[in-house]
Amino acid sequence: MRTSARALAMCLAVPAVAVALTGLASGTAAADPGCQGSMNGPWAFNGQCQGEPGTYRIEIDCLGYDFSTLPPALGQYTVRRDLPVGQSATVGCIGPGWVSAGWGVSGRLFRL
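Keep in mind that this is a model prediction, so the values were computed, not measured.

Cut-offs and rules
- Residues numbered from 1 in each chain as written.
- Predicted model: local features only at pLDDT ≥ 70, side-chain atom pairs only at ≥ 80, totals over all residues.
- Heavy atoms only, no water.
- Disulfide = S-S within 2.5 Å.
- Helix = DSSP H or I, 4+ residues; strand = E, 2+ residues; numbered from the N terminus.
- Buried < 20%, exposed > 50% of the residue type's maximum accessible area, 1.4 Å probe, protein only.
- Salt bridge = Lys/Arg side-chain N within 4 Å of Asp/Glu carboxyl O.

**Thoughts on the state of the cysteines**
Summed over all chains, the structure comprises two disulfides. Note that C62 is cross-linked by a disulfide to C93, the S-S spacing being 2.0 Å. Residues C62 and C93 are joined through a disulfide that is left-handed, its torsion about the S-S bond being -85°. Taken together, the residues span a long stretch of sequence, with C62 in strand β4 (residues 55–66) and C93 in the loop between β6 (89–92) and β7 (100–111) at a distance of 31 residues. Of the two residues, C62 and C93, neither departs from the other in class, the shared state being buried. Here the chain pairs its bonded cysteines, counted in sequence order, in the arrangement 1-2, 3-4.

What follows is the structure, given as structure tokens:
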């Protein structure tokens, strides 16, 4: 199945339209004690947790589209990764091959 130029243009326009309608400027970030994180522009969230051994989760909420999920998400979706404490990571709204694209609304780090 081929994607038409019109469909591709509509998919790429969704994040811009969502931002225009909601009036978003930039995302916000929150982290548990012992964790540090920050928005990396409007597309990604960087972070790391230190201290006691264990795992933590890094998440970013996005407005846009994500066709890698079933059913596909159009609007708000969340990208998350679980990692061992001490390992830094980045989660982003733009996926490989443009399977997802969006504007980062907020990011979080918390221990599991």
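**Examining the pattern of salt bridges**
Counted by the stated rule, this structure contains four salt bridges. A salt bridge links D82 to R57, with the nearest nitrogen and oxygen atoms 2.6 Å apart. Here the residue D82 occupies a position in strand β5 (residues 73–84), and R57 occupies one in strand β4, the gap between them amounting to 25 residues. Among the salt bridges present, the one from E59 reaches R108, with a minimum N-O distance of 2.6 Å. Of the two residues, E59 sits in strand β4 while R108 sits in strand β7, which places them 49 residues apart along the sequence. In this structure E59 comes out as buried when scored by relative accessible area, which is 5%.

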